[in-house]
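Notes for the structure review
Here are the chains, one letter per residue:
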Amino acid sequence: MGTPLDLFAAASAEGAWTVTEVTRRARVVIEAGLPALWIRGEVTGFKAWRSGHWYFSLRDRFSQIRCVMFSTDNRRLPAPPTEGMQVFAFAQPSIYEDKGEFQLTIKELLSTEQGGLWKLAFEKARAALLKDGLLDPARKRRLPPFPRRIAVVTSPDGAALRDIEAVIARRWPPPLAELVLVAAKVQGDGAEASVCAALARLGKLDVDVAIVGRGGGSAEDLWTFNSERVARAVAAASVPVISAVGHETDVTLCDLVADLRAPTPSAAAEAATPDRAEVLVHLEHLAERLARGLSLRSQRVVDRLDRAGDRLSGAMQWRLEESGALLTAHGARLDALSPLKVLARGYAVARDEGGAVLKRVKQFPAGREFRLRVTDGEIDARVR
Amino acid sequence: MPEFGEQLERLEAIVRQLEAEDLDLDAALKLFEEGIERLRAAREQLTAAEVKVKKALKGDGPSR
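Remember, it's a predicted structure, so these values are computed and weren't measured experimentally. (Residues numbered from 1 in each chain as written. Chains lettered and ligands numbered in written order. Predicted model: local features only at pLDDT ≥ 70, side-chain atom pairs only at ≥ 80, totals over all residues. Heavy atoms only, no water.)

**Brief notes about the overall build of chain A**
Within chain A, the secondary structure is distributed over 10 helices and 13 strands. Counting the 384 residues in chain A, one finds 35% classified as buried. Within chain A, contacts between residues separated by at least 24 positions form 62% of all contacts whose residues are at least 6 apart in sequence. Split by element, the accessible area of chain A, about 22,300 Å² in all, is 56% carbon and sulfur. (Helix = DSSP H or I, 4+ residues; strand = E, 2+ residues; numbered from the N terminus. Buried < 20%, exposed > 50% of the residue type's maximum accessible area, 1.4 Å probe, protein only. Contact = heavy atoms within 4.5 Å. Areas by Shrake-Rupley, 256 points an atom, 1.4 Å probe, with all protein chains shown as cover.)

Here is the structure:
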């Protein structure tokens, strides 16, 4: 047996180093010699721990490196990478002292695929919504033509609210419609839950339509409106929803599920309201038609009276004419019976001085004077 | 007062009826009078507009 090993001497520079010392030293050397760098590789063996930290390896054809991405860093990402996904990572090479393992602490992770992780998460959520029928165009509800109360789900101090207020004040101002602000956090931690809670409250607010949105922002800022949870809350809203996420180029999940997608909050306010000036013109038009309608109606009545009058006088005329013809006919017959007509045919009438007609021979003794009526006059005569 | 939308819908119906249906003068006059009344109310609603934004902050709906 030699001298017993001095455990404490092992910590000195002259003796053996402790494992801890070696790993710490290695870590210092590696971190100093390999400052944070971009690395590309394929993701393998991905595992998300309950703590929220992600563990996986990056590999290529010949090597692989253990990686960790802490929850504080991966929280900003819309979705975890999938197995075999090609990624770019911004990483700090280091030694994980507990295990003496060489590893990368990943600060940023980008997929090399089109659109990256955002796209991946978006497509996954979209597929889920599609499967549940939430993207069916037939689901889209009609907006009320003359809304009384318009809910605005947005940040109380964002530009979106001011833009919406301005448009509504111009087009369809109170008391025609009232704006009801349903305050929600639209970005950062807790934004999803806040927007979902605001959407769920719509049913209690006696509103006709809701505008959900925010002014523009980066893809990350808009992520709240790409959340499947928010999209489902939009679909479940008690009133038609106009999404106004303020990003003309990217369509969000919220846009897809909403009853109407507006490119900006101002456009959403325009879509939600009629234009007072146009409605006034329409009213004037209706007033004209109303007046014309009545005069048309009364004109019809007057026309009918006129027609009735015409028919009445027409009938009278006919009657008169008919009576006239009758009279003529009767007249002709009367005429035919007239004694003058008989005389005209050559007959004569004899009358005595008193005018009595003398019809018989014995009324004509010799010497009697009488008057003879012929067609063109009277003759004094005496019986021989 | 009825909502603006209802008001306008009824007014439009009255105009259509007055234009299309064969009404006696009495019925037409009655419709016309109702139409004028609704027109007046609708105009009033449109013109009596004053900007005020009601804010329903955290957890409370409209106060009533």
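**Brief notes about the nonpolar core**
Membership of the largest hydrophobic core comes to 39 residues, with the highest contact counts inside it found for Ile-211, Ile-242 and Leu-283 of chain A together with Leu-18 of chain B. Beyond its immediate stretch of four places on either side in the chain, Leu-18 of chain B contacts Leu-290, Gly-293, Leu-294 and Arg-297 of chain A together with Leu-23, Ala-28, Leu-31 and Phe-32 of chain B. Core analysis: the next-biggest nonpolar cluster, separate from the first, contains 35 residues, Val-182, Ala-184, Val-207 and Ala-233 of chain A among them. (Core = buried A, V, L, I, M, F, W, Y, C linked by side-chain atoms within 4.5 Å.)

**Focus: the environment of Ala-381 of chain A**
Within the secondary structure layout, Ala-381 of chain A lies in strand β13 (residues 377–382). Judged by relative accessible area, Ala-381 of chain A falls into the partly exposed class, the value being 23%.

**Examining the pairing of strand β1 (residues 37–48) of chain A**
All names here are of chain A. With six bridges joining them, β1 and strand β4 (residues 86–96) adopt antiparallel strand pairing. For Ile-39, the partnering residue across the bridge sits in β4 and is Ala-89. With five bridges connecting them, β1 and strand β2 (residues 54–59) associate as antiparallel partners. The partner of Glu-42 across the bridge, within β2, is Arg-59. If you look at the hairpin formed by β1 and β2, you'll find five residues sitting between the two strands, and Gly-52 has a positive phi there, around 100 degrees. (Pairing = 2+ DSSP bridges.)

**Quick look at the interface of chain A and chain B**
Listed by partner, the interface residues are 37 residues for chain A and 43 residues for chain B. Buried surface at the junction of chain A and chain B, summed over both partners, amounts to about 3,400 Å²; 68% is from carbon and sulfur atoms. Of all residues in chain A, Leu-283, Leu-290 and Arg-297 of chain A give up the largest surface area on contact with chain B, accounting jointly for 20% of the area buried on that side. There are three salt bridges connecting chain A and chain B. Between Arg-289 of chain A and Glu-19 of chain B there is a salt bridge, and its shortest N-O distance comes to 2.9 Å. At the junction of chain A with chain B, the criterion picks out four residue pairs in polar contact (both at pLDDT 80 or more). Those elements that place two or more of their residues in the side of chain A that touches chain B are α4 (159–171), β7 (178–183) and α9 (276–337) of chain A. The element contributing the most residues to the side of chain A that touches chain B is α9 of chain A, with 18 residues. Of the residues contributing to the side of chain A that touches chain B, the split by class is 23 nonpolar, three polar and 11 charged. (Buried area = accessible area lost by both parts, 1.4 Å probe. Salt bridge = Lys/Arg side-chain N within 4 Å of Asp/Glu carboxyl O. Polar contact = N/O pair within 3.5 Å; in protein donor to acceptor, adjacent residues only side chain to side chain. Nonpolar A, V, L, I, M, F, W, Y, C, P; charged D, E, K, R; others polar.)

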